[in-house]
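The residues making up each chain are set out below.
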Amino acid sequence: MGPGLFLALLMLAPTGRAETAAGLDAQGVDPRAAIENKYGLDVRDEAGRPVTREQVLSDLKGAAVTRAAQNAFTSSLPKARAILSALELLADAGAAFRLAAAAFALPELLPGLPGGGPKISVLWMLLLASSAVTVAFCRRHGYRLTPSLSRQSSIEVLRC
C-alpha cells in the first residue's frame, strides 16, 4: 500500500462520516431557531441531526415552489387567479381574526370594566339608532345611488 492510496483514503474518510442536515423535517426543534441563530449555536433535533439555516431555507423555497406549482393551473373561468388569491387572503384574514379573538377575549375583559357588563337595552338602542341614521342618510332628498358601470358594459362610439 503506497502513500497515494493512503492519502486517497484519508481524503475520502471525512465525506463518508458527514451528518445529513435536517430542515423542516426536524423533530423537537423549531426550524426558525436555526434561521435566527445569530450566535452560531449548534442546533440539533431529537435524532441528533444538525438543523442548518441553509437546509431550512432550501426546504422553505422548495415548499414555496411546490405551492406555486399546485396553484398554477389553467382554468376556463375568467379571473380565476384573482379569485384564488382573494380566497387565500380571506383565509389569512380569518386566521388573523381568530388570533385577535383569542388575544382579546371580550368576556374576560368586561368584568374588569367599571359598571359591570354591558346592558342589552343600551346595545339595542345603539343598534336601532345606527340603523335609523343609515336609513335617513340613504333617503336624503337628491341622494341617488349611482351604480358604477364598468367600461365593458357601457356603449362606446368608435370613430375612424
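Conventions adopted
Residues numbered from 1 in each chain as written. Predicted model: local features only at pLDDT ≥ 70, side-chain atom pairs only at ≥ 80, totals over all residues. Heavy atoms only, no water. Helix = DSSP H or I, 4+ residues; strand = E, 2+ residues; numbered from the N terminus. Buried < 20%, exposed > 50% of the residue type's maximum accessible area, 1.4 Å probe, protein only. Contact = heavy atoms within 4.5 Å. Areas by Shrake-Rupley, 256 points an atom, 1.4 Å probe, with all protein chains shown as cover. Patch = residues over 30% accessible without salt bridge, like charges linked within 9 Å, V, L, I, M, F, W, Y side chains within 5 Å. Salt bridge = Lys/Arg side-chain N within 4 Å of Asp/Glu carboxyl O. Core = buried A, V, L, I, M, F, W, Y, C linked by side-chain atoms within 4.5 Å. pLDDT = per-residue confidence, 0-100.

> Can you tell me about the overall build of the chain, naming the residues and giving the values?
Check the secondary structure of the chain and you find six helices and zero strands. When the elements of the chain are put in sequence order from the N terminus, they spell out α-α-α-α-α-α. Counting every position in the chain, which comprises 160 residues, the buried fraction comes to 8%. Within the chain, residue pairs in contact and separated by at least 24 positions form 41% of the contacts whose partners lie at least 6 positions apart. Carbon and sulfur atoms make up 65% of the accessible area of the chain, which totals about 14,300 Å².

> Please set out the side chain of Asp45 residue by residue, giving values where relevant.
With respect to the element layout, Asp45 can be found in the loop between helix H2 (31-35) and helix H3 (53-71). Setting aside anything within four residues of it in sequence, one finds Asp45 in contact with Ala22, Ala26, Gln27, Val29 and Val51.

> An account of a nonpolar patch on the surface is needed here, citing residue identities and associated values.
Nonpolar side chains collect at one region of the surface, where Ile120, Val122, Leu123, Trp124, Leu126 and Leu127 lie side by side and expose about 630 Å² of accessible area between them. Within the secondary structure layout, Leu126 lies in helix H6 (residues 120-138). Owing to a relative accessible area of 54%, Leu126 belongs among the exposed residues under this scheme.

> Outline the pattern of salt bridges, listing residues and values.
When the charged atoms of two side chains with opposite charge come close together, those side chains can pair. Using the criterion set out here, one finds five salt bridges in the structure. Put simply, Arg49 and Asp25 hold a salt bridge, and the shortest N to O gap is 3.6 Å. Here Arg49 is found in the loop between H2 and H3, whereas its partner Asp25 is found in the loop between helix H1 (3-16) and H2, with 24 residues between them in sequence. Between Asp42 and Arg44 there is a salt bridge, with its nearest N and O atoms 2.8 Å apart. Residue classification places Asp42 among the exposed residues on the basis of a relative accessible area of 56%. When salt bridges that share partners are traced, they join Asp25, Asp45 and Arg49 into one network.

> Tell me what's going on with the nonpolar core, and back it up with residues and numbers.
Residues Ala22, Ala26, Val29, Ala34, Val43, Val51 and Val56 constitute the largest nonpolar core, which totals seven residues. Ignoring any residue separated from it by four or fewer positions in sequence, one finds Ala26 in contact with Asp45, Arg49 and Val51.

> Run through the confidence of the model for the chain, naming residues and quoting values.
Taken as a whole, the chain shows an average pLDDT of 76; of its residues, 66% reach a score of 70 or greater. Mean pLDDT across the elements of the chain bottoms out in helix H5 (residues 106-109) (63) and peaks in H3 (87).

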